[in-house]
Every structure is written in structure tokens, then in C-alpha cells.
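Notes for the structure review
Each chain, letter by letter, is given below.
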Amino acid sequence: MSRHQNGEEYRNPTEVKKSQIVMPCHANHRQELSVGELLKWMDSTACLSAERHAGCPCVTASVDDIHFEHTIGVGQVVNIKAKVNRAFNTSMEVGIVVSCEDLFSDSHWRVCQAVATFVSQSTTGGKVQLHPLVPCTQAEQVEHSLAAERRRMRLVHADIVKDLLTNRAFQQVEVQEAEKAVPAERTRVESVELVLPTHANHQVNTFGGQIMAWMENVATIAASRLCNAHPTLQSIDMFHFRGPSHVGDRLVLKAIVNNAFKNSMEVGVCAEAYQGEGPLRHINSAFMTFEIRDREGKPCTLPRIRPEPLEGRRRYQEAIARNKIRLDRKYIISCKQTEVPLSVPWDLSNQVYLSYNNVSALKMLAARNNWLLNSEKNKVSLYTLEQKQVLSFKVETEVDIPAERAFMLLSDFSKRVEWDSNYKRCELILRVDDDDFLYRVVTPSIGQDGASNSPSADQGGKVQDFILLASRRPPCDSGDPYVIALRSVTLPTHPPTEGYNRGEVLCAGFSILEVSKNISKISYFNQASPEVLPYISTDIAGLSSSFYGIFCACNTFLQENRDDHASTPQSQPPSSTLKSAQLLTPNPL
């Protein structure tokens, strides 16, 4: 916990805490806390945090993926903490952490974490302009920075799903018939709830958490009907509230099992509202993943599902596509940075998540406050950071060039060979979109003294090549840096080749901060992998200062091209590259 200069313990002004002992009335048949009840508590706590910052009523707009790691038993205490990570114009991101406490053993464990978006509302129903949130601690600065990247991913999530569902591979999936397949119609559930004042906030809008709780209830019933057993909710996919519900609404909730995989099933849930003889209004749709566990807590094998004709088959095929997205998001985003494999296979369906991981990893590395100054020469500084047996380095200096111009020049990696002696060749493989590019980089071999060998010397040994995803981001707000992030990926069209050692880049890139109109602070970061470390080892050991020579060459390159606005490879039309991207995409099935 951070402290103020006067020694007092610091606490985020938007932070709200809720502690609740689990009573039998909150529990299911297994004497475990109902997930629906937990969702209500999470939503109300997050709403209070949002309103504390906004100073006005707020409503839930969306909730990102939630993965439930543990269950909570009767008699245990649920501790929920929510705080605003970042405020945008009229919306804000609220982070939620749920932990459990056993009062008898004094043990604590994390249950889940979630990110919700809330929108501010005036008393007349209009949106309210929010004042920015100023992060004070390192952890808050990291979350503040990552919130912009999560927002970017959130806005394109629907397009990702839509694009993947149009993939012929998913459209041509055949339903696997089985003798004991369960008809999908058997799992269908429909229930109606009357929205009462106790279900609503002070603006008579139905609490988002209450709607989620009702949706979880019908989804659980649908999942139970597939196996005639009590299911456990594993995760809820990202969802958006399409419109408000009010006191007096009749809320129609429908659920059905869309598909059953080996150990999990996807249940689709829809919530619609009406009043009197009025038309149905779509409030929300969500997809929940359930498991059936045996007495030892291990997942059971599930029976096959026989989908209904037409719409049922469509839902069956779409569930397979969503399951791939679900695995991508969990594999790339939800796990800790140190658990993400070095080179993840790239394709269009996981591109957004790899890009998010790429940028967020660099931002978290840049936010570390325990960098040690290793050496300095003419205001070019080399810093190191050792953490969990991983060595990272940072080279930093100020350059007489506008930050935006430096960003445009440094993000064109095809020109890096003009100033970086560690880049022998750089080929643009694919322009994914305006901000993400795939490159193949060839670097010279390293001699025993740690120096790059000459081209003639390279013939005696293998040079290295890297397949890199480069992701660039302009600032979201004033005070944010420009970011250019790099990480290794694998491409089926570019396997390792004879004569080259395939290298790996864990996390690298530039952070470019505007100091003044014409002055930029440029920081280069690299989380050194075994293939990268030899290029910088003699500098860290104090035996050379090649980093200084490279940054001087970089400065010269920036000055020479300061006013040159010629087109770069990034300016080619995206349609042609997108077509190429589809050629690179492997069959996801």
C-alpha cells in the first residue's frame, strides 16, 4: 500500500469496498454462493465507485469476460473491491476484484476479477461530461494506461466475432450425430420477472447486476437439463447492455444450450423487456460456459447436443467460433505476462488479443519504477531491471523533434536498417491494419566479444531472424505517450529456415513522450531473451557503449527525416493486405 508524504496510508478516492458473509439464503444446493447473487454484489459495488468519481448517477454499459476461479461456501466472507481505472468523456472503466476469506483458518484467495464500463447520466437522462482521473501510484498508472487499450479491444469485439462467424470453416461445420445426443429443445428455458422498486436504482433503472442474476438463473437451469446434474458456471463472455429496463417492466429471459464440447457447454441467454401491450425491447444477450464436476471436483464428459434445424444449427456453429475466441482471450489475455508463451501462432481471429498483449506488456514494463541507472553518456542513459531472473534494459534520451513525427518515423521498421546496426534486413510481411504490422527481421551474428560480425564473417555462422508483430498506438489523452510495441509470433507461411537461427522477442518497443512542442523523450525497452541479450551484454557489463552509438544514429536519422513526409509502407491500401491476411489464416478447426 502506498503512503502520502505525511506518512498516511494512501487510498484511491474512488475505491469502494464491500464485505458480505455468505448465508444459506445466498447459496445453492451445494451450500456455495450463487453466482447470480455475487454478480449483483459486484455490480452494485462497482456502480458506487463510478458514482463516487462522476458525482452523478451511473448505469452499467458493459462487462468484460469474467472467469470464476473458485467457489465460495456458506459461512465464508466475500470481499469485493472496486475502483475507477480511467475516465473517458462520458464513460469510465471500473476494475473489480473479488476475494474470499475463511474466518476460521484466516486464509484468503482470489475468486475472480472483472472490468465493467459505466456511463454517467444526469437527472434528465442525458450523459454527463466526466473530469479526468489522475493516477497516483505505479499500479494505478499501469491500469490507467491499459484501460485505453482495453477500450480499443472492447469497441472492436463485436466485429471480431462477426468476422470469424463469416469464416467458411465455421459455416461448413457438420453436426456430429450421436446415438445419445440430447435434443437442444429439451434445454430451452423461458421465465418472466416483474421489475420491482427493490430491483432498481435511484433513477428507477433496473440494476445491471440484477438482470445478470436473472440471466444466470435461467442459464443454470438450461445447463442442468442437458446432463440432469447441477452445473458450475466457469465464465461469462463480454457483453453489452443494449438498452435500459425500468420499474414495471416485465423481463422475459430465455436460455438454451447452443453446443456441448468435451467438458464444457455454452449456454446462450437473452433478456427482453416489455410493458403492457408494448413491443419487446432487447436488453441484453450473453453467453455463459458451464461445467459438470464429479465428487472430486474434476470436469465430467458431457453428452452431445442435437441442435434444432436452421436457427439451432446456426447457434451450434457460432458456438464453435466463440469457443475459439474464448480460448484465445483466456490464453493470451487472462494469464499473467510470464505465462504467455513466447511465440503465439498469429491469425486474424486472435490478432486483436495479441495486439492487446503486445501493447499492455510494454506499458507494464515501462511503468516499473525500480529501473537502475547502469551507464550514461552525453545524456543517453542505459537502465537495467532484473525481476524473477529476467533482465530488461531501457535506453532513454531527449531528441529535438516533435513526438508525433518521431512516432511516425520510428514505427516504420522497414527504415530501421538505416540507423540500427543490429538490423541487417527488415521485410514487411503484412499490414494487418493501420496500427499493426508483421515483419521478418534479420540480425547479424554476434562474435565472442559481443560485437556484431561483418557480413563476410556471417557466412561462417548462422544469423538470426525474428517474426515480429509491431503494434503502434497514439496517445489516448494528453500526457499519454506514443507507443510502438514488438513481440514474437509464428506464421505458417514463415517457418524457421536453414541458415537462420529463429530468435524470440519477449517484449520490446518505444515509448515516446512529448516534453514540449519540439522536444520528445524517447525510451527504448527490451525484455532480453537469450537471443537478444548478446547484443547488449557488453554495454551492461560496462565494456562498451554501442547503445550510445545506435541512439546517436537514431537521432541523426530523425533529424534528417524531420520534414520528410514521404509515404511509408503503412500507407498502402488495407484491402490488399487484408486479403493476404486471409491467406495466412490457418484452418481454426
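The structure we're discussing is the one just above.
Structural notes, computed from the coordinates. (Residues numbered from 1 in each chain as written. Predicted model: local features only at pLDDT ≥ 70, side-chain atom pairs only at ≥ 80, totals over all residues. Heavy atoms only, no water.)

1. Focus on the overall build of the protein
Let me state the cut-off plainly: Only runs of H or I of at least four residues qualify as helices and only runs of E of at least two qualify as strands under DSSP, and these elements are numbered from the N terminus. Exposure classes here rest on a 1.4 Å probe applied to the protein chains alone. A residue is buried below 20% of its type maximum, exposed above 50%, and partly exposed in between. Throughout, a contact is declared for two residues whenever any of their heavy atoms are within 4.5 Å.
Looking only at helices and strands, one finds eleven helices and 25 strands in the protein. Looking at the 589 residues of the protein, the share that counts as buried comes to 52%. Contacts in the protein between residues far apart in sequence, at least 24 positions, make up 69% of those at least 6 positions apart.

2. Focus: the packing of helix 7 (residues 403-410) against helix 10 (residues 546-560)
Stated precisely, the cut-off is as follows: In this analysis, axes come from line fits to C-alpha atoms, helices being fitted only over the stretch in contact, and the angle between any two N-to-C directions falls in the range 0 to 180 degrees. Working definition: roughly parallel below 35 degrees, roughly antiparallel above 145 degrees, roughly perpendicular at 65 to 115 degrees, and oblique for all remaining angles. Here the term charged refers only to Asp, Glu, Lys and Arg, the term nonpolar to Ala, Val, Leu, Ile, Met, Phe, Trp, Tyr, Cys and Pro, and the term polar to all other amino acids, Gly among them.
Between helix 7 and helix 10, the shortest axis-to-axis distance is 10 Å and the interhelical angle comes to 110°. Overall, the two elements helix 7 and helix 10 adopt an arrangement that is roughly perpendicular. Residues Ala406, Leu409 and Leu410 of helix 7 lie in contact with helix 10, whose contacting residues are Cys554, Phe557 and Leu558. Its residues assigned to classes, the contact of helix 7 with helix 10 shows six nonpolar, no polar and no charged.

3. Quick look at unusual backbone geometry
Phi at Gln31 is positive, roughly 60°, even though this residue is not glycine. Here Gln31 shows up in the loop between strand 1 (16-21) and helix 1 (35-54). Among the residues examined, Gln31 registers a relative accessible area of 44% and is labelled partly exposed. If you check the backbone angles, Asp106 has positive phi at about 60° while not being a glycine. Following the sequence through the fold, Asp106 ends up in the loop between strand 5 (91-102) and strand 6 (107-120).

4. A closer look at the side chain of Glu216
If you trace the backbone, Glu216 turns up in helix 4 (residues 208-227). Discounting chain neighbours no more than four positions away, the residues touching Glu216 are Ser34, Val35, Gly36, Leu39, Leu233 and Met288.

5. What about the packing of helix 1 against helix 4?
What counts is decided by this rule: Crossings are assigned a handedness: left-handed for a near helix turned anticlockwise from the far helix by less than a right angle, right-handed for a clockwise turn.
Where helix 1 contacts helix 4, the two axes come as close as 8 Å, and the packing angle between them is 165°. It follows from the interaxial angle that helix 1 and helix 4 lie roughly antiparallel. As for how helix 1 packs across helix 4, the hand of that crossing is right-handed. Together, Val35, Gly36, Leu39, Lys40 and Asp43 of helix 1 and Gly208, Gly209, Gln210, Met212, Ala213 and Glu216 of helix 4 make up the contact between the two elements. Across the contact of helix 1 with helix 4, the residue classes break down as four nonpolar, four polar and three charged.

6. Notes on the sheet that holds strand 3 (residues 66-67)
Definition in use: Pairing between strands is defined by DSSP: at least two bridges between the two strands are required.
Spatially, the six strands line up as an open sheet ordered 3-9-13-12-11-8, and their pairing is antiparallel. Looking at the sheet topology across the chains shown, the edges are occupied by strand 3 and strand 8 (189-194). Relative to strand 11 (residues 250-260), strand 8 runs antiparallel, the two sharing six bridges. Looking at the pairing, Val189 lines up with Ala255 of strand 11. Strands in contact with helix 4 are strand 8, strand 9 (232-236), strand 11, strand 12 (265-274) and strand 13 (281-291); relative to strand 11, the strand with the most contacts, it is inclined by about 40°.

7. Some words on the packing of aromatic side chains
The cut-off we apply is this: Aromatic contacts are taken between Phe, Tyr and Trp rings whose centres are within 6.5 Å, Trp giving its six-membered ring; a plane angle under 30 degrees counts as stacked, one over 60 as edge-to-face, and the others as tilted. For a Lys NZ or an Arg CZ to count as sitting over a ring, it must be within 6 Å of the ring centre and within 35 degrees of the ring normal.
The final tally for this structure, using the stated rule, is eight aromatic pairs. With a centroid separation of 5.1 Å and an interplanar angle of 55°, the aromatic rings of Phe510 and Tyr524 are classed as tilted. Separated by 14 residues along the polypeptide, Phe510 in strand 24 (residues 507-514) and Tyr524 in strand 25 (residues 520-527) bring together distant segments of the chain. Exposure remark for Tyr524: the relative accessible area of 12% places this residue in the buried category. Among the aromatic residues, ring-to-ring pairing joins Phe393, Trp419, Phe510 and Tyr524 into one connected group. Residue placement shows Arg151 over the ring face of Phe88; its charged tip is 4.5 Å from the ring centre.

8. Topic: the environment of His230
Tracing the sequence through the fold places His230 in the loop between helix 4 and strand 9. Of the residues examined, His230 reaches a relative accessible area of 46% and is grouped as partly exposed. Ignoring any residue separated from it by four or fewer positions in sequence, one finds His230 in contact with His29, Arg30, Ser224 and Ile292.

9. Describing the pattern of salt bridges
Filter applied, for reference: In the sections that follow, a salt bridge refers to a side-chain nitrogen of Lys or Arg positioned within 4 Å of a carboxyl oxygen of Asp or Glu.
Within this structure, the stated rule accounts for 37 salt bridges. Salt-bridge contacts for Glu143 lead to Arg150; the nearest nitrogen and oxygen are separated by 2.9 Å. Judged by relative accessible area, Arg150 falls into the buried class, the value being 9%. Shared partners join several salt bridges into a network, and the residues in it are Asp237, Glu266, Glu311, Arg314, Glu318, Arg322 and Arg326.

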